[in-house]
Amino acid sequence: MRPEKNRLTAKTLDGAQIAATIKDELKQEILRLKSCGVTPGLAAVLVGRNPASEIYVRNKVKACEALGLYSEKIELAASTSSAELLDVIRQLNARDTIDGILVQLPLPPQIDVKKVLLAVDPLKDVDGFHPVNVGNMVSGRPGMVPCTPAGIIQILERSQVPIAGCRAVVIGRSDTVGKPLALLLLHRNATITICHSRTRDLPSVAREADILVAAIGKPALVTGDFIKPGAVVIDVGINRLTQPEEVRAVFHDVDSALAQLRAKGSVLVGDVQPEDVREQAGAYTPVPGGVGPLTIAMLMVNTVRAARERRGTALHP
Ligand code: NAP
């Protein structure tokens, strides 16, 4: 149910701006490492031709180039076997010029994802998916933290959103986003509820949130009736709509969304209904320009950190 008033008061949490600031801060550290003869290097492994994955990897490589990091894109056929991919990872583990290894997910079905993530050297695991890094995060020890959850914490902290003591509801329990984010919020003393596809009466659980996070992968599933007035809403979802009927099902201002579809061939929408969130929330991350840029910025942070930590204390200031 939509509220009748059209207040449009929510503050936008500008992820692109926050990401630019983080990358700017990182430049100093990169210069310092280079002056010690170290250029941090990232290898991005892409298996198959998933169009979304191709865009993500291209953007990650571009971000490396813009910061003066070394990067390498390794493209493998969709038919690549687990053994072949494991061999590529072993070679990357052994190379001194590579500090970070990211294996772009999802992988084709014949590949054993868990085996592959386990094969990445934990010191080069810039995605933070290796069980050693997962364990470190669970127990609050230093280690690589997954980029999207780490980026969301940056958005909240740099926007002065209080976390301690607040009620946070995370919709989505993936190993890459929902679960690690819930832990990071817990470590910052939020009271956490994690929701998923089997949660009963999702809107009423979501309405309890001071901080509501949607990491679902369902266009505009979170509507006005999920949002406590004034809540901070973080929209992780990236959904590309290509059909007029999809656009009509999601947007209230159908005409301008259809015009965008005609002009660009697709319309991006998050997991949160964009017009409702502007009316109901206190602050929110837009799609695009919210969480996405932070994911890349934190990958850069993790790569630089891996370059420093892999070489032990010699490079610490
Ligand atoms: P995922 O692995 O597919 O997990 C989706 C989660 O949503 C699951 O836990 C699932 O519950 C839950 N869910 C599905 N339908 C639901 C429903 N009707 N009600 C409540 N919960 C429901 O997805 P993910 O990798 O976490 O990604 C989520 C979204 O974020 C996607 O759109 C993805 O493209 C986007 N993403 C964006 C970035 C970024 O940088 N902005 C980074 C990563 C991901 P079950 O566990 O019960 O199945």
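The paragraphs below set out a description of the structure included in this document. Numbering of residues begins from 1 in every chain and follows the order in which that chain's sequence is written. With the structure being a predicted model, the display of local features is reserved for residues of pLDDT at least 70 and the display and counting of side-chain atom pairs for 80 or more, all residues being used for whole-chain, interface and lining totals. Think of the side-chain values as coming from all heavy atoms in the structure, minus any hydrogens and water.

## Some details on unusual backbone geometry
For step 1, the next point in the chain: Cis geometry marks the peptide bond from Leu 105 to Pro 106; its omega dihedral reads 0°.
For step 2, the next point in the chain: Of note, Pro 106 is situated in the loop between strand E4 (100-103) and helix H4 (113-119).
For step 3, the next point in the chain: Residue Pro 288 is bonded to the preceding Val 287 through a cis peptide linkage, with omega at 0°.
For step 4, the next point in the chain: Counting from the N terminus, the helices are DSSP H or I runs at least four residues long and the strands are E runs at least two residues long. You can see Pro 288 is positioned in the loop between strand E11 (283-284) and helix H12 (291-310).
For step 5, the next point in the chain: The phi dihedral of Asn 189 falls on the positive side, at around 70°, and the residue is not glycine.

## Section: the state of the cysteines
Here, disulfide denotes a covalent bond that connects the sulfur atoms of two cysteines.
For step 1, the next point in the chain: Disulfides are defined in this document as cysteine sulfur pairs within 2.5 Å. Within the structure shown, the criterion is met by zero disulfides.
For step 2, the next point in the chain: Unpaired in this structure, Cys 36 has its nearest cysteine sulfur neighbour in Cys 64, at a distance of 19 Å.
For step 3, the next point in the chain: For the exposure calls, accessible area comes from a 1.4 Å probe over protein chains only, and a residue counts as buried if that area is under 20% of its type's maximum, exposed if over 50%, partly exposed in between. On the basis of relative accessible area, Cys 36 is assigned to the partly exposed category, the value being 43%.

## Re the sheet that holds strand E5 (residues 167-171)
For step 1, the next point in the chain: The six strands are arranged E1-E11-E8-E7-E5-E6 in an open sheet whose pairing can be described as parallel. Looking at the sheet topology across the chains shown, the edges are occupied by strand E1 (11-12) and strand E6 (191-195).
For step 2, the next point in the chain: Any two strands are treated as partners once DSSP identifies two or more bridges connecting them. Bridge count for strand E8 (residues 232-235) against E11 is two bridges, and the pairing is parallel. Bridged to Val 232 within E11 is Ala 283.

## Brief notes about the site of the ligand
For step 1, the next point in the chain: Each residue is tested against the molecule or strand, and it is near if at least one of its non-hydrogen atoms lies within 4 Å. Taken together, 22 residues lie near the ligand, and Arg 173, Ser 174, Ser 197, Val 236 and Thr 295 sit nearest.
For step 2, the next point in the chain: For this analysis, a polar contact is any N or O atom pair within 3.5 Å, provided that within protein one partner can donate a hydrogen and the other can accept it, and provided that sequence-adjacent residues contribute only side-chain to side-chain pairs. His 196 places a polar main-chain atom, nitrogen or oxygen, 3.5 Å from a nitrogen atom of the ligand.
For step 3, the next point in the chain: For every accessible area listed, the method is Shrake-Rupley and the probe measures 1.4 Å; residues are considered covered only by the protein chains on display. When the free accessible area of the ligand is taken as 930 Å², the share hidden by the protein chains comes to 69%.
For step 4, the next point in the chain: At three residues, H12 tops the list of elements feeding residues into the shell around the ligand.
For step 5, the next point in the chain: Think of it as three bins: nonpolar holds Ala, Val, Leu, Ile, Met, Phe, Trp, Tyr, Cys and Pro, charged holds Asp, Glu, Lys and Arg, and polar takes everything else, Gly as well. Split by residue class, the shell around the ligand holds nine nonpolar, 11 polar and two charged.

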